[in-house]
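Read off the chains here:
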Amino acid sequence: MEGSLFVLLLLSGLFWSSSALSRPYHYINVRMSWPEAQSYCRERFTDLATVDSMDDVNRLVNIVDAGYSGSVWIGLKRGTQKRWGWSNGDDTLAQYSEWNEGHPNSEGECSYFAFGVWYSYPCSSLLHSVCYSVESAEYIRVQKWKNWTDAQSYCRQHHTDLATIHNSEEWNLIKSVIPSNSWVWFGLFLDSWEWSDKWSRFFRHWAAGQPSQSSGSGDCVGMSTADSGKWAQYSCDLQQPFICYGDKLNRKQIVRLKLSCKECTLNDPSLQTSILHEISEKLKSMGLESESKLSWRKREDEKVFDQESNYMANSNNECKKQ
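Sequence positions are assigned chain by chain, starting from 1 and proceeding in written order. Confidence filtering applies because this is a predicted model: local features only for residues at pLDDT of at least 70, side-chain atom pairs given and counted only at 80 or more, and all residues used for totals across whole chains, interfaces and linings. Here the side-chain values reflect all heavy atoms present in the structure, with hydrogen atoms and water set aside.

**Student:** Would you explain helix α5 (residues 168-177) in this entry?
**Tutor:** Because each turn of an α-helix spans 3.6 residues, side chains separated by three or four positions in sequence point in the same direction. Along α5, the residues classified as buried are Glu170, Trp171 and Ile174. With its buried residues spanning 100° around the axis, α5 presents them on a single face. Residues of α5 that are exposed and angled more than 90 degrees away from the buried face: Glu169 and Ser176. Note on contacts: a residue pair is in contact if any heavy atoms of the two residues lie within 4.5 Å. Helix and strand labels come from DSSP, where a helix needs a run of H or I of at least four residues and a strand needs a run of E of at least two; each type is numbered from the N terminus. Summarising the contacts, the buried residues of α5 are in contact with β4 (110-114), β5 (117-121) and β7 (138-146). Polar contact criterion, stated in full: a pair of N or O atoms within 3.5 Å, where within protein one must be able to donate a hydrogen and the other to accept it, and residues adjacent in sequence count only if both atoms are side-chain atoms. You can read the cap of α5 off the contacts: a side-chain oxygen lies 3.2 Å from the backbone nitrogen of Glu169, and it is on Asn167. With a 1.4 Å probe rolled over the protein chains alone, any residue whose accessible area is under 20% of its type maximum counts as buried; one over 50% counts as exposed, and the rest are partly exposed. It is the directions from the helix axis to the C-beta atoms whose arc is reported.

**Student:** So what exactly am I meant to see when it comes to the state of the cysteines here?
**Tutor:** The disulfide criterion used throughout: a pair of cysteine sulfur atoms within 2.5 Å. Within the structure shown, the criterion is met by 4 disulfides. The partner cysteine of Cys41 in its disulfide is Cys244, sulfur to sulfur 2.0 Å. Between Cys41 and Cys244, the S-S torsion sits near -75°, and that sign places the bridge as left-handed. On the criterion of sequence distance, the pair formed by Cys41 in helix α2 (residues 34-44) and Cys244 in strand β12 (residues 240-245) is long-range, its members being 203 residues apart. Just as Cys41 is buried, Cys244 falls in that class too. Shown here is the disulfide that connects Cys131 with Cys155, its sulfur atoms set 2.0 Å apart. Its torsion about the S-S bond being -75°, the disulfide of Cys131 and Cys155 is classed as left-handed. Here Cys131 is found in strand β6 (residues 127-133), whereas its partner Cys155 is found in helix α4 (residues 148-158), with 24 residues between them in sequence. The residues Cys131 and Cys155 share a single accessibility class, namely buried.

**Student:** Hey, could you run me through helix α3 (residues 54-63) in this one?
**Tutor:** By the burial criterion, the buried members of α3 are Asp56, Val57 and Leu60. Buried residues in α3, looked at end-on, bunch into an arc of 105°, giving them a common side. Seen from the open side of α3, the exposed residues pointing more than 90 degrees away from its buried face are Asp55 and Asn62. Its buried side turned inward, α3 meets β1 (25-32), β3 (71-86), β10 (220-224), β11 (231-234) and β12.

Here is the structure:
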């Protein structure tokens, strides 16, 4: 049908959707750059996905289409200021610290402790580590030589995370299970990445070798669906699907259409229903929200279309979506 075919071709260039507790996430199977994805999410939901925990990571992995194994944009982007924060996401360093004199310094972006004080150190160095377990409410010494990122992954896989130290009581508990002359990674790290919605928590889930310190390695972050939801940096211009968060915004959008239909009556209700059905199927195939409601906007005379002498509808023909 010539008229409906014209509508579907027109829609191929449009993206529609309908309308810190557990965030509702929405997978958008449309390839966009990071800035385009950010704008899309802000217009229709709240923002690109912000992630606070491994539970959130698992939720993101599970909502991506099973047939897709690439990367998807999330809301993390390189910022302009570096801050110290904790592996579990806490931003409480200002409340308590035990830095040695002269630390932290420019020597490294991860932290270990030894002889009762904290040091900044290159994250690629191999040290033992200390994890904590929420379930058993204890600190666990890990006597395996790992860099900081691998130590973090080990703690998250087998316990909860690298140890976080909020106060002197927790610090004394850790020292009671770790020999004072051991060099041990814990959960403090330096970070310049920030969330699109300006959320302050520091939870990160980087893949091995990420983030890269080399120039030109990319300023925007994607989540790999094939690597347990691990994160990597990419050029912000890369076109890929993405995940938004937030409640759907109830929006109404009116699109004016000009259709040609030489052997049909455009005001035939059955034909109008058929056109709306094809539009709806096209939206679904583009990965857009299946809950969108499409309807024709009728004129005062109950007609949708006015026909010109050459059988082309004039510019007053409208399709209403809400």
